[in-house]
Amino acid sequence: NAYEKYQQVLKESPGHKGAQAGLDKLVQAYGDLIEAQLRAGDLSKAESYLSQARQVSPVSVLLTSLEDRLKRDRSETRNREEEVKAQAEARKRQQEARIQQLLRAAEADIEARRLTSPAGNNAYEKYQAILKEAPGHKDAQGGLDKLVTAYGELMVAQLSAGNLSKAAGYLSRARQVSPESALLTGFEDRLKRARSEVRKREEEAKAQVEIRKREEV
(Lines give C-alpha, C1' and ligand atoms only; values in the text may rest on other atoms or scores of the structure.)
Protein backbone atom coordinates (compact mmCIF):
# COMPACT_ATOMS: atom_id res chain seq x y z
CA ASN A 1 0.00 0.00 0.00
CA ALA A 2 0.99 3.65 -0.45
CA TYR A 3 1.82 4.15 3.22
CA GLU A 4 4.30 1.29 3.34
CA LYS A 5 5.97 2.47 0.14
CA TYR A 6 6.42 5.99 1.51
CA GLN A 7 7.79 4.55 4.74
CA GLN A 8 10.28 2.46 2.76
CA VAL A 9 11.46 5.59 0.95
CA LEU A 10 11.88 7.48 4.23
CA LYS A 11 13.76 4.57 5.74
CA GLU A 12 16.24 4.68 2.87
CA SER A 13 16.22 8.47 2.62
CA PRO A 14 15.06 10.15 5.86
CA GLY A 15 13.26 13.45 5.29
CA HIS A 16 12.65 12.73 1.62
CA LYS A 17 10.37 15.57 0.45
CA GLY A 18 8.43 13.47 -2.04
CA ALA A 19 7.71 10.78 0.53
CA GLN A 20 6.71 13.39 3.14
CA ALA A 21 4.42 15.00 0.61
CA GLY A 22 2.95 11.58 -0.13
CA LEU A 23 2.17 11.03 3.55
CA ASP A 24 0.53 14.45 3.63
CA LYS A 25 -1.63 13.37 0.68
CA LEU A 26 -2.66 10.24 2.59
CA VAL A 27 -3.57 12.33 5.61
CA GLN A 28 -5.60 14.67 3.38
CA ALA A 29 -7.36 11.69 1.77
CA TYR A 30 -8.24 10.34 5.22
CA GLY A 31 -9.32 13.85 6.18
CA ASP A 32 -11.74 13.92 3.23
CA LEU A 33 -13.13 10.52 4.28
CA ILE A 34 -13.52 11.71 7.87
CA GLU A 35 -15.27 14.89 6.70
CA ALA A 36 -17.68 12.84 4.58
CA GLN A 37 -18.58 10.55 7.48
CA LEU A 38 -19.05 13.49 9.84
CA ARG A 39 -21.45 15.07 7.35
CA ALA A 40 -23.28 11.77 7.05
CA GLY A 41 -23.51 11.53 10.84
CA ASP A 42 -21.61 8.23 10.96
CA LEU A 43 -19.32 9.02 13.85
CA SER A 44 -18.08 5.44 14.25
CA LYS A 45 -16.70 5.35 10.70
CA ALA A 46 -15.25 8.83 11.12
CA GLU A 47 -13.45 7.66 14.26
CA SER A 48 -12.15 4.58 12.44
CA TYR A 49 -10.69 6.68 9.62
CA LEU A 50 -9.20 9.08 12.17
CA SER A 51 -7.47 6.18 13.92
CA GLN A 52 -5.99 4.99 10.62
CA ALA A 53 -4.90 8.54 9.73
CA ARG A 54 -3.16 8.93 13.09
CA GLN A 55 -0.99 5.93 12.24
CA VAL A 56 0.09 7.75 9.09
CA SER A 57 0.78 11.07 10.81
CA PRO A 58 0.37 11.15 14.61
CA VAL A 59 0.99 14.93 14.87
CA SER A 60 -1.05 16.24 11.93
CA VAL A 61 -2.69 19.62 12.60
CA LEU A 62 -5.51 18.67 10.23
CA LEU A 63 -6.24 15.49 12.17
CA THR A 64 -6.20 17.38 15.48
CA SER A 65 -8.81 19.73 14.08
CA LEU A 66 -10.96 16.84 12.83
CA GLU A 67 -10.56 15.05 16.17
CA ASP A 68 -11.89 18.14 17.97
CA ARG A 69 -14.80 18.27 15.56
CA LEU A 70 -15.53 14.59 16.14
CA LYS A 71 -15.58 15.20 19.90
CA ARG A 72 -18.01 18.11 19.44
CA ASP A 73 -20.26 16.01 17.21
CA ARG A 74 -20.25 13.18 19.74
CA SER A 75 -21.14 15.61 22.51
CA GLU A 76 -23.97 17.10 20.43
CA THR A 77 -25.24 13.62 19.59
CA ARG A 78 -25.29 12.64 23.26
CA ASN A 79 -27.10 15.86 24.11
CA ARG A 80 -29.72 15.20 21.44
CA GLU A 81 -30.19 11.61 22.61
CA GLU A 82 -30.60 12.75 26.21
CA GLU A 83 -33.06 15.41 25.07
CA VAL A 84 -35.10 12.88 23.09
CA LYS A 85 -35.04 10.49 26.07
CA ALA A 86 -36.15 13.26 28.46
CA GLN A 87 -38.97 14.26 26.12
CA ALA A 88 -40.11 10.63 25.80
CA GLU A 89 -40.11 10.25 29.59
CA ALA A 90 -42.05 13.49 29.97
CA ARG A 91 -44.64 12.28 27.44
CA LYS A 92 -44.87 8.97 29.28
CA ARG A 93 -45.46 10.74 32.61
CA GLN A 94 -48.11 12.97 31.03
CA GLN A 95 -49.78 9.95 29.45
CA GLU A 96 -49.81 8.07 32.75
CA ALA A 97 -51.28 11.11 34.51
CA ARG A 98 -54.06 11.29 31.89
CA ILE A 99 -54.72 7.58 32.22
CA GLN A 100 -54.94 7.72 36.01
CA GLN A 101 -57.34 10.65 35.75
CA LEU A 102 -59.51 8.71 33.29
CA LEU A 103 -59.46 5.62 35.52
CA ARG A 104 -60.63 7.64 38.53
CA ALA A 105 -63.35 9.28 36.46
CA ALA A 106 -64.46 5.90 35.10
CA GLU A 107 -64.74 4.51 38.64
CA ALA A 108 -66.96 7.45 39.55
CA ASP A 109 -69.09 6.74 36.48
CA ILE A 110 -69.55 3.11 37.52
CA GLU A 111 -70.59 4.20 41.01
CA ALA A 112 -73.13 6.55 39.44
CA ARG A 113 -74.26 3.83 36.99
CA ARG A 114 -73.04 5.84 33.99
CA LEU A 115 -71.83 2.64 32.39
CA THR A 116 -72.27 3.30 28.66
CA SER A 117 -74.40 6.43 28.73
CA PRO A 118 -74.86 9.36 28.57
CA ALA A 119 -72.73 9.85 25.47
CA GLY A 120 -69.50 11.67 26.23
CA ASN A 121 -69.71 11.03 29.96
CA ASN A 122 -69.61 7.34 30.77
CA ALA A 123 -67.15 4.72 32.00
CA TYR A 124 -67.06 2.72 28.76
CA GLU A 125 -65.87 5.68 26.67
CA LYS A 126 -63.18 6.50 29.22
CA TYR A 127 -61.83 2.95 29.21
CA GLN A 128 -61.84 2.98 25.39
CA ALA A 129 -59.93 6.28 25.40
CA ILE A 130 -57.28 4.68 27.62
CA LEU A 131 -56.99 1.60 25.39
CA LYS A 132 -56.65 3.81 22.31
CA GLU A 133 -53.75 5.63 23.95
CA ALA A 134 -52.23 2.56 25.64
CA PRO A 135 -53.40 -0.65 23.91
CA GLY A 136 -53.74 -3.59 26.28
CA HIS A 137 -53.67 -1.41 29.42
CA LYS A 138 -54.48 -3.85 32.24
CA ASP A 139 -56.51 -1.48 34.40
CA ALA A 140 -58.64 -0.41 31.43
CA GLN A 141 -59.21 -4.04 30.44
CA GLY A 142 -60.12 -4.77 34.03
CA GLY A 143 -62.49 -1.79 33.93
CA LEU A 144 -64.34 -3.31 30.96
CA ASP A 145 -64.77 -6.50 33.00
CA LYS A 146 -66.25 -4.36 35.78
CA LEU A 147 -68.78 -3.01 33.30
CA VAL A 148 -69.64 -6.53 32.15
CA THR A 149 -70.12 -7.53 35.80
CA ALA A 150 -72.27 -4.46 36.47
CA TYR A 151 -74.51 -5.28 33.52
CA GLY A 152 -74.59 -8.90 34.63
CA GLU A 153 -75.84 -7.83 38.05
CA LEU A 154 -78.52 -5.68 36.43
CA MET A 155 -79.49 -8.66 34.27
CA VAL A 156 -79.78 -10.92 37.32
CA ALA A 157 -81.96 -8.33 39.08
CA GLN A 158 -84.32 -8.28 36.09
CA LEU A 159 -84.41 -12.07 36.00
CA SER A 160 -85.43 -12.06 39.67
CA ALA A 161 -88.17 -9.60 38.78
CA GLY A 162 -89.29 -11.87 35.95
CA ASN A 163 -88.44 -9.33 33.26
CA LEU A 164 -86.57 -11.43 30.70
CA SER A 165 -86.73 -8.76 28.01
CA LYS A 166 -84.87 -6.20 30.11
CA ALA A 167 -82.47 -8.89 31.30
CA ALA A 168 -81.62 -9.73 27.68
CA GLY A 169 -81.10 -6.04 26.98
CA TYR A 170 -78.54 -5.74 29.76
CA LEU A 171 -76.75 -8.86 28.53
CA SER A 172 -76.62 -7.35 25.03
CA ARG A 173 -74.98 -4.22 26.44
CA ALA A 174 -72.45 -6.36 28.29
CA ARG A 175 -71.53 -8.05 24.99
CA GLN A 176 -71.07 -4.68 23.30
CA VAL A 177 -68.75 -3.55 26.11
CA SER A 178 -66.46 -6.59 25.92
CA PRO A 179 -67.43 -9.27 23.36
CA GLU A 180 -64.54 -11.54 24.35
CA SER A 181 -65.05 -11.35 28.12
CA ALA A 182 -64.99 -14.74 29.84
CA LEU A 183 -67.62 -13.40 32.26
CA LEU A 184 -70.30 -13.41 29.55
CA THR A 185 -70.61 -17.20 29.45
CA GLY A 186 -71.97 -17.42 32.99
CA PHE A 187 -74.50 -14.64 32.42
CA GLU A 188 -75.59 -16.12 29.08
CA ASP A 189 -76.14 -19.55 30.68
CA ARG A 190 -78.18 -17.98 33.44
CA LEU A 191 -80.43 -16.18 30.95
CA LYS A 192 -80.87 -19.41 28.94
CA ARG A 193 -81.92 -21.29 32.08
CA ALA A 194 -84.37 -18.54 32.99
CA ARG A 195 -85.90 -18.62 29.52
CA SER A 196 -86.10 -22.41 29.65
CA GLU A 197 -87.88 -22.24 33.01
CA VAL A 198 -90.34 -19.65 31.71
CA ARG A 199 -91.12 -21.80 28.66
CA LYS A 200 -91.57 -24.82 30.90
CA ARG A 201 -93.99 -22.94 33.16
CA GLU A 202 -95.89 -21.62 30.16
CA GLU A 203 -96.18 -25.13 28.72
CA GLU A 204 -97.34 -26.49 32.08
CA ALA A 205 -99.92 -23.71 32.40
CA LYS A 206 -101.13 -24.37 28.85
CA ALA A 207 -101.37 -28.09 29.57
CA GLN A 208 -103.42 -27.43 32.72
CA VAL A 209 -105.78 -25.17 30.77
CA GLU A 210 -106.25 -27.93 28.17
CA ILE A 211 -106.96 -30.45 30.96
CA ARG A 212 -109.58 -28.17 32.52
CA LYS A 213 -111.22 -27.63 29.15
CA ARG A 214 -111.50 -31.38 28.57
CA GLU A 215 -112.87 -31.86 32.06
CA GLU A 216 -115.52 -29.21 31.49
CA VAL A 217 -116.64 -30.97 28.32
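Analysis parameters
- Residues numbered from 1 in each chain as written.
- Predicted model: local features only at pLDDT ≥ 70, side-chain atom pairs only at ≥ 80, totals over all residues.
- Heavy atoms only, no water.
- Phe/Tyr/Trp six-rings, centres within 6.5 Å; stacked < 30°, edge-to-face > 60°.
- Helix = DSSP H or I, 4+ residues; strand = E, 2+ residues; numbered from the N terminus.
- Buried < 20%, exposed > 50% of the residue type's maximum accessible area, 1.4 Å probe, protein only.
- Axes fitted to C-alpha atoms, helices over the stretch in contact; angles between N-to-C directions.
- Parallel < 35°, antiparallel > 145°, perpendicular 65-115°, else oblique.
- Contact = heavy atoms within 4.5 Å.
- Nonpolar A, V, L, I, M, F, W, Y, C, P; charged D, E, K, R; others polar.
- Core = buried A, V, L, I, M, F, W, Y, C linked by side-chain atoms within 4.5 Å.

Draft legend 1. Local environment of the packing of aromatic side chains. Under the counting rule described, the total for this entry stands at two aromatic pairs. Where Tyr-30 meets Tyr-49, the ring centres are 6.4 Å apart and the plane angle is 45 degrees; that geometry is what we call tilted. A residue pair is termed long-range when its members are at least 10 positions apart, and Tyr-30 in helix H2 (residues 17–40) and Tyr-49 in helix H3 (residues 43–56) qualify at 19 residues. With a relative accessible area of 19%, Tyr-30 lands in the buried category. The class of Tyr-49 is partly exposed, set by a relative accessible area of 23%.

Draft legend 2. The packing of H2 against H3, seen in detail. Across the interface, H2 lies against H3 with an axial gap of 8 Å and an inter-helix angle of 170 degrees. As judged from the angle between their axes, H2 and H3 are roughly antiparallel. For the pair H2 and H3, contact is made by Leu-23, Leu-26, Val-27, Tyr-30, Leu-33, Ile-34, Gln-37 and Leu-38 and by Leu-43, Lys-45, Ala-46, Tyr-49, Leu-50, Gln-52, Ala-53 and Val-56, respectively. Broken down by class, the residue content of the contact of H2 with H3 amounts to 13 nonpolar, two polar and one charged.

Draft legend 3. Structural view of the side chain of Ser-178. Tracing the chain through its elements places Ser-178 in the loop between helix H7 (164–177) and helix H8 (183–216). Those residues within four positions of Ser-178 in sequence are excluded, and the remaining contacts are Leu-144, Asp-145, Val-148 and Leu-184.

Draft legend 4. Looking closely at the nonpolar core. Ranked by internal contacts, the top residues of the largest apolar core, which has 29 residues, are Tyr-127, Leu-147, Met-155, Leu-159 and Leu-191. Where this core is concerned, the elements lending two or more residues are helix H4 (61–111), helix H5 (123–133), helix H6 (138–160), H7 and H8. What Met-155 contacts, discounting residues up to four positions off in sequence, is Ala-167, Tyr-170, Leu-171, Phe-187, Arg-190 and Leu-191.

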